[in-house]
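# Survey of secondary and tertiary structure
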Amino acid sequence: MDNWDHYSYQNNAQTAPEPPGIFQAFLYAFMPAKYDCLIHVRTGSLIGFVFLLILAATLLQMLVFGFRFRGEFEEEFPDIRIRDGRLCADEDYILDEGSSFSYVTDKVDSFSREDAEELADAGYNRILLVGRDNVIVMRSRQYREIYFADVVGYGEEFIVKDALAGILYIAVFFTAIVFYVCGVCWYFLCSAILIVAGLIAEQMFFKRDFRVGQLFRIAVYSKVPVYAVSALLMACSSWHYEIPGFFKAAFTVLYLIAVFRFMPRPKESPINRYTL
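Attention here is on the structure that accompanies the text. Keep in mind it's a predicted model, so treat the numbers as computed, not measured.

Looking only at helices and strands, the protein features nine helices and eight strands. Residue burial in the protein is summarised as follows: out of 276 residues, 36% are buried. Sequence-distant contacts, at least 24 apart, represent 67% of the contacts inside the protein between residues at least 6 apart. A total of about 16200 Å² of accessible surface is found on the protein, and carbon and sulfur atoms cover 63% of it.

Written out as structure tokens, the structure is:
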């Protein structure tokens, strides 16, 4: 049969080829000549492949980010401890950025409400003042004061850096979950959009007649090379480089065209191809 939509031999005695496994499919995604095997991947394996691909990319990027963040955090954040109800800091910390002002020092016994109001009158909307004995927080003129002796008793020690690091790592964990879910949805959405480019390419240039299910499999796997390279560059490069979205889309479409060009036709391959 000459029509690409029909893959079985006329005697229909052949059996369907064994679809590649998840890891083998990942390698085949970089080989346009192997896409005649990838169109046979079962729907469950295809979905599992995308879930694992996005999971691996998310874990890689979050691990790299975690190690880099840990190093920068340890280097930049001052060593602040609360011991016996009083603040101990190796150095003063000042942040004056826009409408935010933060000042941490153990050279001042305590700050007062008047200190915060003076800064509010100067135009600051978010104010944090930390002295040796107390903390003052003012946001939009809402005032709150906390004494360290009420939080950390005598004979106890509280290391601020360790507590903040734990909170930030929890935040990174939940952020990774959000990125993972959004990444999976975005990958499938882009693959669905890529089907349109595939329909245009196959009809205008290659005169092949694929089913939608086959086109969707080709679209999913043709995104793998650009996605994998982009994830590696973003995670492993020292300058956090990310390929611009326009170039990623252009490279993916070009790779899709290359797949149609080099993917064997039925007469070029001894494998019996069935429609999906």
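Now for the layout of surface pockets. Taken as a whole, the largest pocket spans an internal volume of roughly 1000 Å³. In terms of residue count, helix α6 (residues 160–206) provides more of the lining of the largest pocket than any other element does, ten residues in total. Space inside the second largest pocket adds up to approximately 410 Å³. If you go around the second largest pocket, you meet 20 residues; those closest to its centre are Ile82, Val130, Val135, Phe148 and Val160. When contributions to the lining of the second largest pocket are tallied by element, the ones reaching two or more residues are β1 (80–83), β3 (93–97), β4 (100–104), β5 (126–130), α5 (148–151) and α6. A per-element tally of the lining of the second largest pocket places α6 first, with four residues. Class assignment of the residues belonging to the lining of the second largest pocket gives a composition of 19 nonpolar, one polar and no charged.

Attention shifts here to the pairing of β3. In the sheet, β3 pairs with β4 via five bridges, with the strands oriented antiparallel. Residue Ile94 lies in a different strand from β4, and its bridge partner there is Tyr103. Between the end of β3 and the start of β4, which pair antiparallel, lie two residues, with Gly98 showing a positive phi angle near 65°.

According to the stated counting rule, one finds zero disulfides in the structure shown. Here Cys182 stays unpaired: no disulfide links it, and the sulfur of Cys185, its closest cysteine neighbor, is 6.6 Å away.

Moving on, we come to the sheet that holds strand β8 (residues 157–159). Ordered by their spatial adjacency, three strands build an open sheet running β2-β1-β8, and the pairing between neighbours is antiparallel. Strands at the two margins of the open sheet, each flanked by one partner only, are β2 (86–89) and β8. Direction aside, neighbouring strands of the sheet carry axes that sit 25° apart on average. As judged from the three bridges shared by β1 and β8, these two strands associate in the antiparallel manner. Among the inter-strand pairings, Arg83 is bridged to a residue of β8, identified as Glu157.

To continue, consider the pairing of β1. The side chains of a regular strand alternate, first on one face of the sheet and then on the other. Covered by surrounding structure in β1 are Ile80 and Ile82 only, the residues Arg81 and Arg83 on the alternate face being uncovered. Two elements, β1 and β2, share four bridges in a ladder whose sense is antiparallel. Counterpart to Ile80 in the pairing with β2 is Ala89. Between β1 and β2, which pair antiparallel one after the other, the connecting turn spans two residues, and Asp84 there sits at a positive phi close to 55°.

The rules we used
- Residues numbered from 1 in each chain as written.
- Predicted model: local features only at pLDDT ≥ 70, side-chain atom pairs only at ≥ 80, totals over all residues.
- Heavy atoms only, no water.
- Helix = DSSP H or I, 4+ residues; strand = E, 2+ residues; numbered from the N terminus.
- Buried < 20%, exposed > 50% of the residue type's maximum accessible area, 1.4 Å probe, protein only.
- Contact = heavy atoms within 4.5 Å.
- Areas by Shrake-Rupley, 256 points an atom, 1.4 Å probe, with all protein chains shown as cover.
- 1 Å grid on protein atoms, 1.4 Å probe; cavity = no way out; pocket = protein on both sides within 12 Å on 5 of 7 lines; lining within 4 Å.
- Points joined across faces, edges and corners; volume = space filled by probe spheres on them.
- Nonpolar A, V, L, I, M, F, W, Y, C, P; charged D, E, K, R; others polar.
- Pairing = 2+ DSSP bridges.
- Disulfide = S-S within 2.5 Å.
- Axes fitted to C-alpha atoms, helices over the stretch in contact; angles between N-to-C directions.

By themselves, these observations are geometric and do not establish any function.
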